[in-house]
Amino acid sequence: QVQLVESGGGLVQAGGSLRLSCTASVSTYAVGWFRQAPGKEREFVSSIRWSTERTYYADSVKGRFTISRDNAKNTVYLQMTSLKPEDTAVYYCAATLSFAWSLSEDRDYSYWGQGTQVTVSS
């Protein structure tokens, strides 16, 4: 069983920055971030393969968000800059212990965190 603990959400003004953290209880193959806004489906934000550090981003966040990992802390970070009101959502981290081609689909992940709220005011 993999436990994921997220932190770092909050309220920020448009144009501001936040950093989300996701700490896993064990080493994983990959970690992803997803988000779900009220009334909308959950969507992919970013992911990282642990061993190669290869990263992936949704078009909507490219150039503004950066995903990274700290091997010693088993933690993945999502640095979010130039935040927009449309970034407002509950952000979830997810992890998989197995290889997956895309790492951008819910079905690629077996373990999910509890979610952290990010609110961007205009």
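No experiment lies behind these values; they were computed from the predicted model shown.

Peer 1: Quick rundown of the packing of aromatic side chains? Include the residues and the values.
Peer 2: This model, assessed by the stated rule, comprises six aromatic pairs. Consider the rings of Y29 and F99, whose centres lie 5.8 Å apart with planes at 65 degrees: the pair is edge-to-face. Here F99 lies in the loop between β9 (89-96) and β10 (111-112) and Y29 lies in the loop between β3 (18-24) and β4 (30-36), a separation of 70 residues in the sequence. Residue classification places F99 among the partly exposed positions, given a relative accessible area of 48%. Measuring from centroid to centroid gives 4.9 Å for F99 and W101, while their planes differ by 85 degrees, and the two rings are edge-to-face. The exposed category is assigned to W101, whose relative accessible area is 75%. Members of the aromatic cluster, each reached through a chain of ring pairs, are F34, F44, Y109 and W112. One cation-aromatic arrangement involves R42 over Y92; the distance from NZ or CZ to the ring centre is 5.6 Å.

Peer 1: Talk me through the environment of G15; I want residue IDs and the actual numbers.
Peer 2: Assignment of secondary structure puts G15 in the loop between β2 (10-13) and β3. Among the residues examined, G15 registers a relative accessible area of 54% and is labelled exposed. The spacing of G15 and L83 is 68 residues in sequence and 4.9 Å in space, taken between C-alpha atoms. When near neighbours in sequence (up to four residues on either side) are disregarded, G15 contacts S82 and L83.

Peer 1: So what's going on with the sheet that holds strand β7 (residues 65-70)? Which residues, and what values?
Peer 2: Taken in spatial order, the four strands line up as β1-β3-β8-β7 in an open sheet, and their pairing is antiparallel. A strand with exactly one partner marks an edge of an open sheet, and here the two such strands are β1 (4-7) and β7. Put simply, the sheet's adjacent strands are angled 15 degrees from each other on average, direction ignored. Here β7 runs beside strand β8 (residues 75-80); their pairing, made up of six bridges, is antiparallel.

Peer 1: Explain the nonpolar core to me, using residue names and the numbers behind them.
Peer 2: Ranked by internal contacts, the top residues of the largest apolar core, which has 34 residues, are W33, F65, L78, M80 and Y91. Looking at which element gives the most residues to this core, the answer is β9, with five residues.

Definitions and cut-offs
- Residues numbered from 1 in each chain as written.
- Predicted model: local features only at pLDDT ≥ 70, side-chain atom pairs only at ≥ 80, totals over all residues.
- Heavy atoms only, no water.
- Phe/Tyr/Trp six-rings, centres within 6.5 Å; stacked < 30°, edge-to-face > 60°.
- Helix = DSSP H or I, 4+ residues; strand = E, 2+ residues; numbered from the N terminus.
- Buried < 20%, exposed > 50% of the residue type's maximum accessible area, 1.4 Å probe, protein only.
- Lys NZ or Arg CZ within 6 Å of the ring centre and 35° of its normal.
- Contact = heavy atoms within 4.5 Å.
- Pairing = 2+ DSSP bridges.
- Axes fitted to C-alpha atoms, helices over the stretch in contact; angles between N-to-C directions.
- Core = buried A, V, L, I, M, F, W, Y, C linked by side-chain atoms within 4.5 Å.

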